[in-house]
Amino acid sequence: MSGVRALIGFGRTVADLAVTEAFYRDGLGFARIAPPEPLPPAQAEAMGLADRRATQLRMRLGAQTVTFLTVDPPGAPYPADPAATDPFFQHLAIPVRDMAAAMAQLAPLSPLPISRGGSQRLPESTGGVTAYKFRDPDGHPLELIVFPGGPPADRWREAPGLFLGIDHSAITVTDLEATLAFLTGPLGLTLAERGLNQGPEQARLDGLDDPQVDVLALEPPEPAPHVELLHYRVPATERRLVFGAADRAATRFVFATADPQALSRRLCAAGRVPQASADGAAVYCAGPDGHGVLFVRA
């Protein structure tokens, strides 16, 4: 199979690994996998960072992994006044056992809120989840979420602790059909769910006035964690900025694939411009709105 097998991790470019580690450890229950270390050469080459000093810190929450990356010399800073409608938005959705307890643990870190008025319970028609969105020290968005029941809640029922793992990562997209074609075509993800969220609860959750947002869930062959698309019909996206891997707004999905080179050929055939390492162990590609996607052999 030349598509992807599983979503095995996420990446974020940050300014300071020590500050990032303290925030994710103390506020969200993450644990380091290893001390800061050089980014593997194949990944650095594929991501266009071979001529810079790139240092990674791998952390885990439950069974999920996030790789935080610093680059010297650094790229562009995180844009000022970010909004949920910006196409560089990519959050990590963290299911929690108790929303009040999770927000109390997070509060001493003083995260910048996205949601207005604290956590929000969405209507049953749009899932009935309770959620809260905020930003880490660099500006990257995060979401705490409580599932009311059903398969999503069952998936996390046996997970230990207050912060249970990473259920999905959502990206804001401007061209929904182009992104769907990218994810379901060469990558081979499956569209699992589709809905339209709106109303006062969604507005408070997203920190927007009267939003209407298409919400789509897409699953790789190993379905957890998964990808979520956010396409705002209203309000319209006003800025379309694309970032390189060294820029602080840069984020990455990390997918496992049996044959990165075959996947690279599929991406080329679909009109994308992937970059592969010389040994073929890693391929990096930007999606239609510039979101980074790293493919590694596994």
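We now turn to the structure provided with this report.

**Focus: the environment of S125**
(1) Moving on: By the secondary structure assignment, S125 is in the loop between β8 (120–121) and β9 (130–135).
(2) Moving on: The exposure class of S125 is exposed, given its relative accessible area of 69%.
(3) Moving on: Spatially, the C-alpha atom of S125 lies 8.6 Å from that of N197, the residues being 72 residues apart in sequence.

**Topic: helix α1 (residues 17–28)**
(1) Moving on: The first and last C-alpha atoms of α1 sit 15 Å apart over 12 residues, in line with the 16 Å expected at 1.5 Å per residue.
(2) Moving on: Those residues of α1 not exposed but buried are L17, T20, E21, F23, Y24, G27 and L28.
(3) Moving on: Where α1 terminates, the next one or two residues include G29, which has phi positive at roughly 80°.

**As for the pattern of salt bridges**
(1) Moving on: Evaluated as defined, the whole model comprises 13 salt bridges.
(2) Moving on: For R5, the salt bridge is made with E222, and the minimal N-O distance between the two is 2.9 Å. Within this pair, whereas R5 is found in the segment before β1 (6–13), its partner E222 is found in the loop between β13 (212–219) and β14 (226–234), the two being separated by 217 residues in sequence.

**Topic: the pairing of strand β17 (residues 282–286)**
(1) Moving on: Within β17, 4 of the 5 residues are buried, leaving the element largely enclosed by the surrounding structure.
(2) Moving on: Both strand β16 (residues 275–276) and β17 contribute to a ladder of 2 bridges, which runs antiparallel. Each residue of the ladder has a partner; that of Q275, found in β17, is Y284.
(3) Moving on: In this structure, the hairpin formed by β16 and β17 is closed by a connection of 5 residues, where G280 is found at a positive phi of approximately 75°.
(4) Moving on: The antiparallel hairpin formed by β17 and strand β18 (residues 292–297) contains 5 residues in its connecting segment, where G290 sits at a positive phi of about 90°.

**Looking at the side chain of T13**
(1) Moving on: Within the secondary structure, T13 sits in strand β1.
(2) Moving on: Only 2.7 Å separates the side chain of T13 from the backbone oxygen of A245, close enough to count as a polar contact.
(3) Moving on: In contact with T13, not counting residues within four places along its chain, are L69, H140, A245, A246, D247, R248, A250 and R252.

Cut-offs applied
- Residues numbered from 1 in each chain as written.
- Predicted model: local features only at pLDDT ≥ 70, side-chain atom pairs only at ≥ 80, totals over all residues.
- Heavy atoms only, no water.
- Helix = DSSP H or I, 4+ residues; strand = E, 2+ residues; numbered from the N terminus.
- Buried < 20%, exposed > 50% of the residue type's maximum accessible area, 1.4 Å probe, protein only.
- Expected span 1.5 Å × (residues − 1).
- Salt bridge = Lys/Arg side-chain N within 4 Å of Asp/Glu carboxyl O.
- Pairing = 2+ DSSP bridges.
- Polar contact = N/O pair within 3.5 Å; in protein donor to acceptor, adjacent residues only side chain to side chain.
- Contact = heavy atoms within 4.5 Å.

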